[in-house]
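Single-letter residue listing:
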Amino acid sequence: MAPVPTPTAPDSTIRHLYVHVPFCPSICPYCDFHVLTRRAGLVEAYLERIETEAAELAARYDVDLDTVYLGGGTPSFLRDSEITALVGSVRRHLGWGRLENTLEINPGTVSTERAALWRGLGIDRASVGVQSLDDATLRFLGRTHDSAQARAAVSTLIDAGFRVSGDLITAVPGQPLEADIDGLVALGVGHISAYTLTIEPGTEFARRGVTVEEDDERAGFERTEELLTAHGFDRYEISNYARPGQQSRHNLAYWGNRFYLGLGPGAAGHYPVSGTPAGQEAGLLGQRRTNLHLHEWLTGAAGETQAIDAEEYVTDALFMGLRVRQGISLGDLTRRSGLNVAEHYAAPLKANLTRGLLALEGDTLRATPQGWWALNRVITDFLEE
Ligand code: SF4
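Because the structure is predicted, anything quoted here is derived from the model rather than measured.

Comments concerning the pattern of salt bridges
Thought 1: In this structure the tally under the stated criterion is 21 salt bridges.
Thought 2: Its salt-bridge partner being D80, residue R114 comes within 3.0 Å of it at the nearest N-O pair. Within this pair, whereas R114 is found in helix α3 (residues 112-120), its partner D80 is found in helix α2 (residues 80-94), the two being separated by 34 residues in sequence.
Thought 3: Among the ionic pairs, D234 bridges to R325, the shortest N-O distance being 2.5 Å. Taken as a pair, D234 in strand β7 (residues 234-237) and R325 in the loop between α12 (310-321) and β13 (328-329) lie far apart in primary sequence, 91 residues in all.
Thought 4: For R325, a relative accessible area of 42% puts it in the partly exposed group.
Thought 5: Several salt bridges converge on common partners, so that one network encompasses R15, D64, D66 and R98.

Regarding the packing of aromatic side chains
Thought 1: According to the stated counting rule, one finds 10 aromatic pairs in the structure shown.
Thought 2: Between the aromatic rings of Y18 and Y69, the centroid separation amounts to 6.1 Å while the plane-to-plane angle is 25 degrees, which identifies the pairing as stacked. Residue Y18 is found in strand β1 (residues 14-21), and its partner Y69 is found in strand β2 (residues 63-72); the two are separated by 51 residues along the sequence. Both residues of the pair, Y18 and Y69, belong to the buried class.
Thought 3: Centre to centre, the rings of Y30 and F205 are 6.4 Å apart; their planes meet at 40 degrees, and the pair counts as tilted. Placement of the pair is Y30 in the loop between β1 and α1 (42-60) and F205 in helix α7 (residues 204-208), with a sequence separation of 175 residues. Both residues of the pair, Y30 and F205, belong to the buried class.
Thought 4: Through a chain of ring-to-ring contacts, three or more aromatic side chains come together here, namely F23, Y46 and W297.

Observations concerning the sheet that holds strand β6 (residues 191-196)
Thought 1: Spatial ordering of the open sheet is given by β7-β8-β6-β5-β4-β3-β2-β1-β9, a layout of nine strands whose pairing is mixed. Two strands bound the open sheet, and with one partner strand each, they are β7 and β9 (261-263). The average angle at which neighbouring strand axes cross in this sheet is 25 degrees, direction not considered.
Thought 2: Two elements, strand β5 (residues 163-170) and β6, share six bridges in a ladder whose sense is parallel. Residue pairing for β6: G166 is matched across the bridge by I192.
Thought 3: Together, β1, β2, β3 (100-105) and β9 form the strand contacts of α2, whose direction differs from that of β1 by roughly 155 degrees.

Overview of the pairing of strand β14 (residues 358-361)
Thought 1: For β14 and strand β15 (residues 364-367), the ladder comprises four bridges, and the chain directions are antiparallel. Bridge pairing in β15 links A359 to R366.
Thought 2: The antiparallel hairpin formed by β14 and β15 contains two residues in its connecting segment, where G362 sits at a positive phi of about 60 degrees.

Cut-offs applied
Residues numbered from 1 in each chain as written. Predicted model: local features only at pLDDT ≥ 70, side-chain atom pairs only at ≥ 80, totals over all residues. Heavy atoms only, no water. Salt bridge = Lys/Arg side-chain N within 4 Å of Asp/Glu carboxyl O. Helix = DSSP H or I, 4+ residues; strand = E, 2+ residues; numbered from the N terminus. Buried < 20%, exposed > 50% of the residue type's maximum accessible area, 1.4 Å probe, protein only. Phe/Tyr/Trp six-rings, centres within 6.5 Å; stacked < 30°, edge-to-face > 60°. Pairing = 2+ DSSP bridges. Axes fitted to C-alpha atoms, helices over the stretch in contact; angles between N-to-C directions. Contact = heavy atoms within 4.5 Å.

The following block contains the structure:
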């Protein structure tokens, strides 16, 4: 048995920030995020609490941001004065991303003036919830925008100088997938996130008994890759495609299991334990904390915290790292976790290499295309070890 390495202390400076804005114009029937429609006084209370929480995070952690991601919900649904206040709180206490600052945008909220305001606030990347360019598909998905609005929004944002990503939902019954993909590419986006429609418990679609056949899901997953690859996009992550230089740096930090701050109701964060001697003594490598939902979060109550030991660190890193095409270095993971990964996980590694779901090249472990489709099963093997 090889000696157990000493974990290399991860850089405890936090370089990434996720901000959750939970408000949406209406709630889509497939959505299971923490979202709500706006009511009098709620956005004001939200902005006040954001100011306090940003100050608390700044006092507690060493923060030097590379990326900021304003997600939701629909952050672009905030009024001009509200988003200006939100960005002001972030900048005042935590700074701003030196590499990338993304705003999630609903096509129905875009105008030339608003795009200029967002650019002026320092936002340089737009993640637009296009979902489809087919009006019947958009109606089925319960979206509040139509195809013409989606096309106009993307063009306006590109003209305003944003790096633009378009979200696409695949495997929607009756969806003209090829036309959706060709249309989105023709608009000039440099990045596409394509997720298959999944029916989550508790959603309106689940209540209505909407189902998506696994065969349709898989066909959508595979056809999307064929079409986007033919258009010159690189599938750099299971569900994400980019032209050269257009990858999401923020999401790459998640998939690389880096630390990030979570600000806002329902936001998840991944934090270092340095500065908490008890955590270091217990051999913990970090903490995940998920903030409470809006009404409890407004009271200042603490969210749920989960300590990360070496095994959790490795399975988290594999679960996220195997989503990325370039894979994950086992040597690096061994150094970061202090667990000899090749030995500790010899059985699930061997089983999944034999099944053709994983591939090992030198020290780099990758999921094969079949492995991407079956990633949950692969990770379950590691969790059960
Ligand atoms: S716009 Fe997005 S976050 Fe809001 S309800 Fe629809 S899917 Fe959910």
